[in-house]
Amino acid sequence: MVRIFYKEKKQIRKENDVRMLSQISNLIWVDLQSPTAEEEEWVETKCLVSFQTPQEIVEIESSARFFEQGDMMVANSNFSKIDQHGYHSYPVSFLIKNSILFTYRQGDSKTFADTVKKMRVYEEPFETGVDVFLLLLETRIEADADLLENISREITTISKSLSNEKKPKQEILLKINTLQENTMMLRESIIDKQRVLSSIQRSRLFPDSYRERLRIILKDIGSLTEYTTFNFERLEYLQDTFTGLINLEQNQIIKIFTVVTIVFLPPTLIAGIFGMNYQVMPTILHPYGFYLALVLMLLSSTGVLWFFRRKHWI
């Protein structure tokens, strides 16, 4: 699917028929969303541009993330999204030529839908594709901030549950690990955009009139990076707390077994002595010898327990 946005007087119009591309003037933005081979070829032919392959878009080398080719500027970045399966990232390719923005992506994206809505309600004029490009970035940063805030709320919920739970559950540790993975994925996506935009800021093709706005976007990205670091520290603290609770529980169990072992050690010794098969042995012929052995066993266990409590060991 190809969506074509152009300016007509002061209004932003949209055209979905790619065959109308050659008849439209004042082009601002051409959005290619999972295009067919025919649609992609049509746009390349009519606009004299060349899109990268999906394999080239996902390459991580700096030379592949941003480069200039004549009067054309190409930037690739990863965007984040959340669905029923969790957090994911997907690549987006930006191409700016003659102040027209071309975007190439696979699948739907809430960021692009929100950007289109803003274009329709914003009073400020959209003169070129660079305006749309920066608006897309600002919308994406707002979405990343929402995702980070969502993770922060989940961290707070886990923190409260750890405070209220007497015994830590395995599900909490798995949730902490999942949040760590999600935060790491978001951090990688944010740093990727920071690296790409830093390259754009140094580009000779990027208009000087937009550099201040780009600088503000980079500053916002820096704030998000610090936010991810803060979330990482909170998750590490929760993980350490969970591990500490597990150790306390294990120590308590070991302590119980140790006390039980020591308490039953004197009675076991007494039972062993009275169970020896010797002909001459004190109290062996005494009519109350059996009961005397039981009393000694009981007193030895009680004495050990009393000594432990007096030392506040139990």
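Conventions used here
Residues numbered from 1 in each chain as written. Predicted model: local features only at pLDDT ≥ 70, side-chain atom pairs only at ≥ 80, totals over all residues. Heavy atoms only, no water. Helix = DSSP H or I, 4+ residues; strand = E, 2+ residues; numbered from the N terminus. Expected span 1.5 Å × (residues − 1). Buried < 20%, exposed > 50% of the residue type's maximum accessible area, 1.4 Å probe, protein only. Arc of directions from axis to C-beta. Polar contact = N/O pair within 3.5 Å; in protein donor to acceptor, adjacent residues only side chain to side chain. Contact = heavy atoms within 4.5 Å. Salt bridge = Lys/Arg side-chain N within 4 Å of Asp/Glu carboxyl O. pLDDT = per-residue confidence, 0-100. Patch = residues over 30% accessible without salt bridge, like charges linked within 9 Å, V, L, I, M, F, W, Y side chains within 5 Å. Areas by Shrake-Rupley, 256 points an atom, 1.4 Å probe, with all protein chains shown as cover. Pairing = 2+ DSSP bridges. Core = buried A, V, L, I, M, F, W, Y, C linked by side-chain atoms within 4.5 Å.

## Brief notes about helix 4 (residues 110–121)
The terminal C-alpha atoms of helix 4 lie 17 Å apart, and with 12 residues this matches the ideal 16 Å at 1.5 Å per residue to within 8%. For helix 4, the set of buried residues is Thr 111, Phe 112, Thr 115, Val 116, Lys 118 and Met 119. One side of helix 4 holds all its buried residues, which, seen down the axis, span an arc of 160°. Along helix 4, the residues that are exposed and aim more than 90 degrees away from the buried face are Lys 110, Lys 117, Arg 120 and Val 121.

## Here's the deal with the side chain of Thr 103
Structurally, the position occupied by Thr 103 is in strand 7 (residues 100–105). Looking at Thr 103, the relative accessible area reads 0%, which means it is buried. Side-chain polar atoms of Thr 103 contact the side chain of Trp 29, separated by 3.0 Å. Apart from residues lying up to four places away in sequence, Thr 103 is in contact with Trp 29, Val 30, Asp 31, Leu 32, Ser 93, Phe 94, Phe 112 and Leu 136.

## A closer look at the pattern of salt bridges
Inspection of every chain in the model, using the stated rule, returns 14 salt bridges. Arg 140 is paired through a salt bridge with Asp 144; the nearest N and O atoms lie 2.9 Å apart. Linking Arg 140 with Asp 144, this pair stays in helix 5 (residues 129–164), spanning 4 residues, or about one helical turn. Judged by relative accessible area, which is 0%, Asp 144 ranks as buried. Across the salt bridge formed by Lys 175 and Glu 154, the nearest N and O atoms sit 2.8 Å from each other. A residue pair is termed long-range when its members are at least 10 positions apart, and Lys 175 in helix 6 (residues 170–201) and Glu 154 in helix 5 qualify at 21 residues. Salt bridges here are not isolated pairs; linked through shared partners, they connect Arg 3, Asp 31 and Arg 105.

## Examining the confidence of the model for the protein chain
Of the residues in the protein chain, 92% have a pLDDT of 70 or more, and the chain-wide mean is 82. The spread of mean pLDDT over the elements of the protein chain runs between helix 3 (residues 62–65), the lowest at 67, and strand 7, the highest at 90.

## What to know about unusual backbone geometry
Positioned with a positive phi, Leu 48 is a non-glycine residue whose angle comes to about 55°. Relative to the helices and strands, Leu 48 is located in the loop between helix 1 (37–47) and helix 2 (54–57). Judged by its relative accessible area of 62%, Leu 48 is exposed. The residue Ser 99 is not glycine, and still its phi comes out positive at about 65°.

## Notes on a nonpolar patch on the surface
A contiguous nonpolar surface patch, about 500 Å² in accessible area, is contributed by Leu 269, Ile 273, Phe 274, Met 276, Leu 292 and Leu 296. Counting residues per element, the ones that place at least two in the nonpolar patch are helix 8 (265–274) and helix 9 (289–310). Ranked by residue count, the leading element in the nonpolar patch is helix 8, at 3 residues. Note that Met 276 resides in the loop between helix 8 and helix 9.

## Looking at the pairing of strand 7
The buried count for strand 7 comes to 6 of 6 residues, which makes it a mostly enclosed element. By the alternation rule, side chains of strand 7 split into Ile 100, Phe 102 and Tyr 104 and Leu 101, Thr 103 and Arg 105, which are all buried. Here strand 3 (residues 27–33) runs beside strand 7; their pairing, made up of 5 bridges, is parallel. When the sheet's bridge partners are listed, Val 30 is paired in strand 7 with Phe 102. Pairing of strand 6 (residues 86–97) with strand 7, which is carried by 6 bridges, proceeds in the antiparallel orientation. By the bridge assignment, Ile 96 is partnered in strand 7 with Leu 101.

## Section: the nonpolar core
With 51 residues, the main nonpolar core has Trp 29, Phe 133, Leu 134, Leu 197 and Ile 200 as its most contacted residues. Of all elements in the fold, only strand 3, strand 5 (72–83), strand 6, helix 4, helix 5, helix 6 and helix 7 (211–263) reach the threshold of two or more residues within this core. Of all the elements, helix 5 adds the most residues to this core, at 15 residues. Setting aside its immediate chain neighbours within four residues, Ile 200 contacts Phe 66, Met 73, Ala 75, Phe 133, Phe 206, Arg 211 and Leu 214. Counting 20 residues, the second largest nonpolar core, distinct from the first, contains Ile 4, Val 18, Leu 21 and Ile 100.

## Considerations on the pairing of strand 2 (residues 11–15)
The pairing of strand 1 (residues 2–8) with strand 2 spans 5 bridges and is antiparallel. Residue pairing in the sheet places Ile 4 in a bridge with Glu 15 of strand 2. Here strand 1 folds back onto strand 2, and the loop between the two strands holds 2 residues, one of which, Lys 9, carries a positive phi near 60°.

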